[in-house]
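Spelled out, the chains give:
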Amino acid sequence: MKKIVITEFMDESAVASLRTSFNVVYDPKLVDNTQHLMASVANADAVIVRNRTQVRGDLLAACAQATVIGRLGVGLDNIDVAACEARGMQVIPATGANALAVAEYVIGTAMFLLRGAYQSSEQVANGAWPRPSLSNGREISGTCLGLIGFGGIGQLTAKLAQGLGMRVVAHDPMLPPDSSVWTRSGVHPNTLDQLIAQADVISLHVPLTPDTSNLLSAQRIAQMKPGAIVINTSRGGIVDESAVAQALRQGHLGGAAFDVFEPEPLGSGTFWQGCPNVILTPHVAGVTAESNVRVSTLIASAVANALKV
């Protein structure tokens, strides 16, 4: 019976489906036990990971007989894809399965930050009535959403945003200006500088590569519209986080929502502490009860099929 090692959390029903045909080692905390992890993958035929397990270097070398790497998500920066393929290993991401969860996170945090009225519960409960200070919130309809990256998640985010009356522009050098995607989506392609100059909300949807590292730099953040909002659900390292925090403290930016960081986890005493108008979440934008089932089911099926070939 072929062996599958799952190093991080996965939907239990998907794990159970794999156990009907394979020897499955499932430990959501395996990623944090290096010695046990290395020993477990040594005779595995497939390894299923999320974003924390680094499939490269010593761990990749330890995967002596694995032919499949399943990724419970879409980003592949934690996997040395070229090295895997050179060893004849198939890398399978869960493309599209968590897109709705990410798109809803972007729209939800944008609405929260634009309105600015949802953090007064304790004041109101204690008898205060901060109505004047909370009466200048902004409606999402009529604002401009700038999407940096216009793949599947960016396109779904655009669709949700347009349904709320937002005007959407996008920058994606991988899509030519005459691509049918632009016409079909009703989104206008922009240069990065054009997008930054006009967007009220900027949301990032690109992988971390040498070309995208520090893409939203301190200089570009300074060029954003006063009161603009930055949302990063892609990867840490794409945005100059310290520059965003400084711009929030100075009042240049109106808000920020960050789900990804460099490094992860942040540790204590970071520049984010005490920062105003910010939402920080622990890399969960793409993880909901529903998306976890979709992602896990997709990967379980794909890995099983690959091993049965």
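Right above here is the structure, for reference.
Conventions we followed
In this numbering scheme, every chain counts its residues from 1 along its sequence in written order. Residue-level local features of this predicted model are given only where pLDDT is at least 70; pairs of side-chain atoms are given and counted only at 80 or more, and the full residue set underlies all totals for whole chains, interfaces and linings. To get the side-chain values, take all heavy atoms of the structure and skip hydrogens and water. Helix and strand assignments follow DSSP, with helices taken as H or I runs no shorter than four residues and strands as E runs no shorter than two, numbered in order from the N terminus. For each structure, a 1 Å grid was placed over the protein atoms alone; sets of points admitting a 1.4 Å probe that cannot get out are labelled cavities, open sets with protein on both sides within 12 Å along at least five of seven lines are labelled pockets, and lining residues have an atom within 4 Å of a point. Grid points are joined across faces, edges and corners, and a volume is the space filled by probe spheres set on the points. Polar here means any residue other than Ala, Val, Leu, Ile, Met, Phe, Trp, Tyr, Cys and Pro, which are nonpolar, and Asp, Glu, Lys and Arg, which are charged; Gly is therefore polar. Between N-to-C directions, angles cover 0 to 180 degrees, with each direction set by a line fitted to C-alpha atoms, over the stretch in contact for helices. Roughly parallel covers angles under 35 degrees, roughly antiparallel covers those over 145, roughly perpendicular covers 65 to 115, and oblique covers all other angles. Helix crossings get a hand from a simple test, with the near helix turned counterclockwise from the far one by less than a right angle marking a left-handed crossing and a clockwise turn marking a right-handed one. Residues are treated as being in contact if the distance between any of their heavy atoms lies within 4.5 Å. Salt bridges, as used here, are contacts in which a Lys or Arg side-chain nitrogen is within 4 Å of a carboxyl oxygen on Asp or Glu. Classification of residues uses two cut-offs on accessible area relative to the type maximum, computed with a 1.4 Å probe and protein chains only: under 20% is buried, over 50% is exposed, and between them is partly exposed. Cysteine sulfur pairs qualify as disulfides if the two atoms are within 2.5 Å. DSSP-based pairing: two strands are paired if at least 2 bridges between them are found.

Colleague: Before we go on, may I ask you to explain unusual backbone geometry in this structure?
Modeller: Comment: phi is negative for the bulk of residues other than glycine, and the bulk of peptide bonds are trans. Of note, the bond from E262 into P263 is cis; its omega dihedral lies within 30 degrees of zero at 0°. Geometrically, the link from E264 to P265 is a cis peptide bond, its omega value of -10° lying close to zero. With respect to the helices and strands, P265 occurs in the loop between β11 (255-258) and β12 (278-280). In this structure, N214 takes a positive phi of about 55° despite not being glycine. As for its position among the elements, N214 is in the loop between β9 (201-204) and α10 (218-222).

Colleague: Is there a simple way to think about the layout of surface pockets in this case?
Modeller: By rolling a water-sized probe across the atoms, one finds the places where empty space is left. Within this model, the second largest pocket holds a volume of roughly 320 Å³. Residue lining of the second largest pocket: 14 residues in total, with Q54, D77, F261, E262 and E264 positioned closest to the centre. Its residues assigned to classes, the lining of the second largest pocket shows four nonpolar, five polar and five charged.

Colleague: Can you walk me through the packing of helix α1 (residues 12-19) against helix α12 (residues 289-308) in this structure?
Modeller: For any two helices packed against each other, the geometry comes down to the angle between their axes and how far apart the axes lie. Remark: α1 packs on α12, axes separated minimally by 8 Å, with the N-to-C direction vectors making an angle of 15°. Here α1 is positioned roughly parallel relative to α12, judged by the angle of their axes. Seen from above, α1 lies across α12 with right-handed handedness. Between α1, through A14, S17 and L18, and α12, the contact on the second element is made entirely by S296, T297, A300 and A304.

Colleague: Sorry, what's going on with the pattern of salt bridges here?
Modeller: Close approach of charged atoms allows side chains with opposite charge to pair. Counted according to the given criterion, the structure contains three salt bridges. A salt bridge links D77 to R235; the shortest N-O distance between them is 2.5 Å. Pair noted here: D77 is in the loop between β4 (68-71) and α4 (81-86) and R235 is in the loop between β10 (229-232) and α11 (241-249), with a separation of 158 residues, a long-range link. Its relative accessible area of 33% is what places D77 among the partly exposed residues.

Colleague: Can you walk me through the state of the cysteines in this structure?
Modeller: One covalent bond between the sulfur atoms of two cysteine residues makes up a disulfide. Inspection of every chain in the model, using the stated rule, returns zero disulfides. Cysteine C84 shares no disulfide, and the gap to the nearest cysteine sulfur, in C63, comes to 7.7 Å. Taking relative accessible area as the criterion, C84 reaches 0% and is therefore assigned buried.

Colleague: How should the sheet that holds strand β1 (residues 3-6) be read in this particular structure?
Modeller: An order of β2-β1-β3-β4-β5 is seen for the five strands of this open sheet, with the pairing classed as parallel. The open sheet has two free edges, formed respectively by β2 (23-26) and β5 (90-93), since each of these has just one partner strand. Neighbour-to-neighbour, the strand axes of the sheet open up by a mean angle of 15°, direction not taken into account. Pairing of strand β3 (residues 46-49) with β4, which is carried by four bridges, proceeds in the parallel orientation. Bridging from a neighbouring strand, A46 pairs with V68 of β4. Along the sheet, α1 contacts β1, β2 and β3; its crossing angle with β2, the most-contacted strand, is approximately 150°.

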